[in-house]
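Here's the letter readout for the chains.
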Amino acid sequence: MVTAAGPWDSTGQRTAERDRVVAREHTGGADHGRGSGAAGSPRPAPSAGAVLAALGGTTAPGGGTKAAPADGTAVAEVLDPLLEDPALGTHRAASVVDLTTGKRLYGLGGDVPLTPASTTKIATAVAALTALGPDHRLTTRAALEADTGELVLVGGGDPTLTAREDARGLASLRTLAGKTAAALEKRDVRKVTLSYDTTLYAGAEMHPIGVNENLAPVTALMADEARTDDSTSGPAPREGDPADAAARAFAGFLKQHGITASAPGPSKATDRSDTLATVSSPPLSALVERMLTNSDNDLAEALARHTAAASGRPADFDGASAAVGETLKRLGLPVGGARFHDGSGLDRADLVTADLLTALLAEAADPARPQLRPVLTGLPVAGFTGTLAGRYTDGAAGLVRAKTGTLTGVNTLAGTATTPDGHVLAFAFLANETTDPWTAQYTLDKAATSLTS
């Protein structure tokens, strides 16, 4: 199994595939921390295009041409009995597409909109990468108001900004404080009035689900996703006011550098302010991978808002939802019946079709759109990474990569599966009004596994 499917790096990318792609100097796609190109700008992230060509392209290892499956009869014979399981509830849909040819191999209510849960994040990822590009970074800055001497911590909408000592490649609040303190000392300033600016986002901070450990209040300034424990993913207790908590942590770091700051309060940096220091997130390609691998709700809501801002819409829930839908429509994707109310899929009012999910995956596999490749490389790997690390231990480990989705009465799964003859299939399974979540999850996993055998 390891010979066929591994080894993997920490993000779920096959290391041999990554190295081959880099060697061929392809650009666009997932960033795996290999440095930068021109000074001051990130190097284009390596593409997984060669990965797709090797697994499901037209050229076989021996130089011949792989033939696509003649029809979907075999797929239907395997999936039909599985998808009839009563555990999948009263509303179910499925779609399977060969990514080599674009041919649809299976469909069951594929055009019927159902609640997608976290598979919504696939749509958010495609929209964000399309609107912003894979090399876009989220920047947090400290600005000094020339007139008043007020120091403003300006949120850049980066929920991965970290206050932890080991930044692990993320934008560091400690580093920002050190740079800011150095700039203030050059101005012979040792004491400041501190404030924070969250005006990059608009509208309500609270998600419609209310206070929930799966998501912090959605604000343009937070550190470590406002987690109050040491976790980096999954549910966790959150700060009630993430921006205030981040600003207080920043003040503490300034003090370590000899700068005394007042208790922070909300404000807005003016056009006359002087930026003293900045820190930036990893590129969007890496953020998308993290969002999908860990099913990161905070990142999903942030990327949806950045999509809205890039599209000229207000960066609130309504603007973000509209921007995601409009971006997908411009790509020519089948958005009929789709409804987006957030970026994470936590809102039960979201509606997506199985056909749209497989179309999104097919778009990400299109050689003409290498900027979308992180949508595929970020999918959790069965038995290895993210939300699939503990699943598929008895079959298809390493051969299925998929985004999970779970709400009460909702079980969904969408991703890719590699067949024995080397084809890569995109699949989407949605089940609503399920009554036994564990059995429903097992059945969907079994359906995905069946595509690999």
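Conventions adopted
Residues numbered from 1 in each chain as written. Predicted model: local features only at pLDDT ≥ 70, side-chain atom pairs only at ≥ 80, totals over all residues. Heavy atoms only, no water. Phe/Tyr/Trp six-rings, centres within 6.5 Å; stacked < 30°, edge-to-face > 60°. Buried < 20%, exposed > 50% of the residue type's maximum accessible area, 1.4 Å probe, protein only. Lys NZ or Arg CZ within 6 Å of the ring centre and 35° of its normal. Pairing = 2+ DSSP bridges. Helix = DSSP H or I, 4+ residues; strand = E, 2+ residues; numbered from the N terminus. Axes fitted to C-alpha atoms, helices over the stretch in contact; angles between N-to-C directions. Contact = heavy atoms within 4.5 Å. Expected span 1.5 Å × (residues − 1).

Asks: What's the story with the packing of aromatic side chains in this structure? I'm lost.
Replies: The description of two aromatic rings rests on the distance between their centres and on the angle between their planes. Applying the stated criterion across every chain, the model contains 1 aromatic pair. A ring pair is formed by Phe 427 and Phe 429, whose centres lie 5.1 Å apart and whose planes are at 25°; its orientation type is stacked. Judged on exposure class, the residue Phe 427 and its partner Phe 429 are both buried. Over the face of the ring belonging to Tyr 201 we find Arg 305, whose NZ or CZ atom lies 5.5 Å from the ring centre. Between the NZ or CZ atom of Arg 305 and the centre of the ring of Phe 317, over which it lies, the distance is 4.3 Å.

Asks: Would you take a moment to explain the sheet that holds strand E9 (residues 400-407) for this structure?
Replies: Pairing between sheet strands relies on hydrogen bonds along the backbone, with the strands arranged either parallel or antiparallel. Strand order in the open sheet formed by 5 strands is E2-E1-E11-E10-E9, and the pairing between neighbours is antiparallel. In this open sheet, the two strands that pair with only one neighbour each are strand E2 (104-108) and E9. For this sheet, the mean angle separating the axes of adjacent strands, direction not counted, is 5°. Here strand E1 (residues 91-98) pairs with strand E11 (residues 424-432) via 8 bridges, running antiparallel. Paired with Arg 92 across the bridge in E11 is Ala 431. Each of E1, E2 and E11 is contacted by helix H4 (residues 73-83), which is oriented at about 20° to E2, the strand it contacts most.

Asks: Even after reading the chapter, I still don't get helix H11 (residues 354-365), so can you show me in this structure?
Replies: Given 3.6 residues per turn, any residue in an α-helix points the same way as the ones three and four places further on. With 12 residues, H11 should reach 16 Å at 1.5 Å per residue; the first-to-last C-alpha distance of 17 Å fits that figure. Of all 12 residues making up H11, 11 are buried, and the element is well covered by its neighbours. Among all positions of H11, only Ala 354, Asp 355, Leu 356, Leu 357, Thr 358, Ala 359, Leu 360, Leu 361, Glu 363, Ala 364 and Ala 365 are buried.

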